[in-house]
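# Analysis of the macromolecular model
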Amino acid sequence: MSNLKNFNNIYANLAESAYNTRPKNFPPFAKNREFKEINYSQDETYRGELTKGGKNLPNKGVVYLQPDKTLHAEPIKSTYSVPKVNGGYEQVPYDTLKTYQKGLLADEKAGFNAYFVTDTAKLDETTRQTYLTIRSSDGASISSLNDWVSNDANFTLTDTYIPQAKLANQALQEKIRELNAKAPDAVLNVTGHSLGTIVSAQAVARFYQEMA
Amino acid sequence: MKKRIKILLIIILIPIVLITGGLLMKLGTPFDIFLTKDFTKPTKTEQIDYLKEHEEEMTNFVKKQNSKVTSVQWDWDSLEIQEFQPNAGGIPTGEKYTILTIKGKFNKIDTSTIMVEYPIYKHTLYPNLKRFDIVDLSVLKEIDGSKGWVDYE
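Now for a look at the structure at hand.

### Re the overall build of chain A
- In terms of regular secondary structure, chain A is built from four helices and ten strands.
- Counting from the amino terminus, chain A carries its helices and strands in the arrangement α-β-β-β-β-β-β-β-β-β-α-α-β-α.
- A burial count over chain A gives 47% of its 212 residues as buried.
- For chain A, long-range pairs separated by at least 24 residues make up 59% of all intrachain contacts whose partners lie at least 6 apart in sequence.

### What to know about the overall build of chain B
- Scanning chain B for helices and strands turns up four helices and seven strands.
- The linear arrangement of helices and strands in chain B, starting from the amino end, is α-α-α-α-β-β-β-β-β-β-β.
- Over its C-alpha atoms chain B spans a radius of gyration of 27 Å, topping by over 25% the 15 Å that the globule rule assigns to 153 residues.
- With the C-alpha coordinates aligned to their principal axes, the bounding extent of chain B is approximately 95 × 40 × 35 Å.
- The proportion of buried residues among the 153 residues of chain B is 35%.
- With the model as given, the accessible surface of chain B reaches about 10,400 Å², and the carbon-plus-sulfur share is 59%.

### Some words on the layout of surface pockets
- Empty space within the second largest pocket amounts to approximately 580 Å³.
- Along the walls of the second largest pocket sit 25 residues, with A:Lys24, A:Glu44, B:Ile134, B:Val135 and B:Asp151 positioned nearest its centre.
- Looking at the lining of the second largest pocket residue by residue, the class counts come to eight nonpolar, six polar and eleven charged.

### Regarding the pairing of strand S8 (residues 112-118) of chain A
All names here are of chain A.
- Burial analysis of S8 places seven of its seven residues in the buried class, the great majority of the element.
- Every second residue of S8 is oriented toward a common face, with Phe112, Ala114, Phe116 and Thr118 on one face and Asn113, Tyr115 and Val117 on the other, all of them buried.
- Here strand S4 (residues 62-66) pairs with S8 via three bridges, running antiparallel. Its bridge partner being in S8, leucine 65 is matched across the sheet by valine 117.
- Sheet topology places strand S7 (residues 106-107) next to S8; two bridges connect them, and they run antiparallel. For aspartate 107, the partnering residue across the bridge sits in S8 and is phenylalanine 112.
- Linking S7 to S8, which pair antiparallel, is a turn of four residues; within it glycine 111 sits at a positive phi near 70°.
- By the bridge criterion, five bridges tie S8 to strand S9 (residues 129-134) in an arrangement that is antiparallel. Across the sheet, residue tyrosine 115 finds its bridge partner in S9, namely threonine 133.

Cut-off values and rules
Residues numbered from 1 in each chain as written. Chains lettered and ligands numbered in written order. Predicted model: local features only at pLDDT ≥ 70, side-chain atom pairs only at ≥ 80, totals over all residues. Heavy atoms only, no water. Helix = DSSP H or I, 4+ residues; strand = E, 2+ residues; numbered from the N terminus. Buried < 20%, exposed > 50% of the residue type's maximum accessible area, 1.4 Å probe, protein only. Contact = heavy atoms within 4.5 Å. Rg over C-alpha atoms; globule rule 2.2 N^0.38 Å. Areas by Shrake-Rupley, 256 points an atom, 1.4 Å probe, with all protein chains shown as cover. 1 Å grid on protein atoms, 1.4 Å probe; cavity = no way out; pocket = protein on both sides within 12 Å on 5 of 7 lines; lining within 4 Å. Points joined across faces, edges and corners; volume = space filled by probe spheres on them. Nonpolar A, V, L, I, M, F, W, Y, C, P; charged D, E, K, R; others polar. Pairing = 2+ DSSP bridges.

Now the structure itself:
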């Protein structure tokens, strides 16, 4: 998959930025506690490849990647079987001492990653455009297996509401609630690439279904 | 050898073997490290030591690529190694690759952050210090009452 040649389309830019090892990408800032300003009107050279700055972009190409303050290290729990006195087994939970990243916009175990972006540094009544960009299948082998087995295959072969879309739907609901409270004039745009598109479409469709 | 001596020897030897084996398992041997450590891969500490040895070279490369940077204060503990599998919608395409990232501050600015990304050499498993990308060069700034990171200009 090659990089975009230029940053002329804001939705394509945001979909690309959701990936790892891409120009002007978001994952390095995922654990930030403050916003990060990104300017798509400027050229970027990454791994020796040039992406030209975008033209005619909303807000002159400047967006603010907002932090996911709910992101934290969640302990991974497991269970072991203990035989019961009167036969059978009992599942006893224990901590594996390992953790994974979990928050409203990320679930490492489920292979779900999304980023919330705004056109103002602070989400308030001056905010007009906000974006939720959803990453497709992840690079890491375990999570890409997650993605492929539980999402792509499910979607291709059946009409299941895929696990990642449920998480995206929760994120969507929470962000809309936040917009209603803080930025009533803002619009929420949802974007993604590949599996990110499937996840977005299912999450939005479910949202409307639930609203009806 | 008489049968009685043979039996006696066996009776004496079995506990000796068992006790010696048990002690070796409990106390460990100098060779146990071969069971627990993968000598084909450098550890995080070894990677940090390697970078520390090349600190001047790393800083000079960064200064050469971006003239706004006059000094870098590396945060060695921020070193992270990540492996990626290129894929198209979940189907693996091409070989896996590994990158090393390290953060720090620059120009002795307290509220600054720099993040540099190095590809890892497949044969040595150490970073290629010449082919790198500065993925973040920001300073903390307040915009409309909200604090965040903006590109350093």
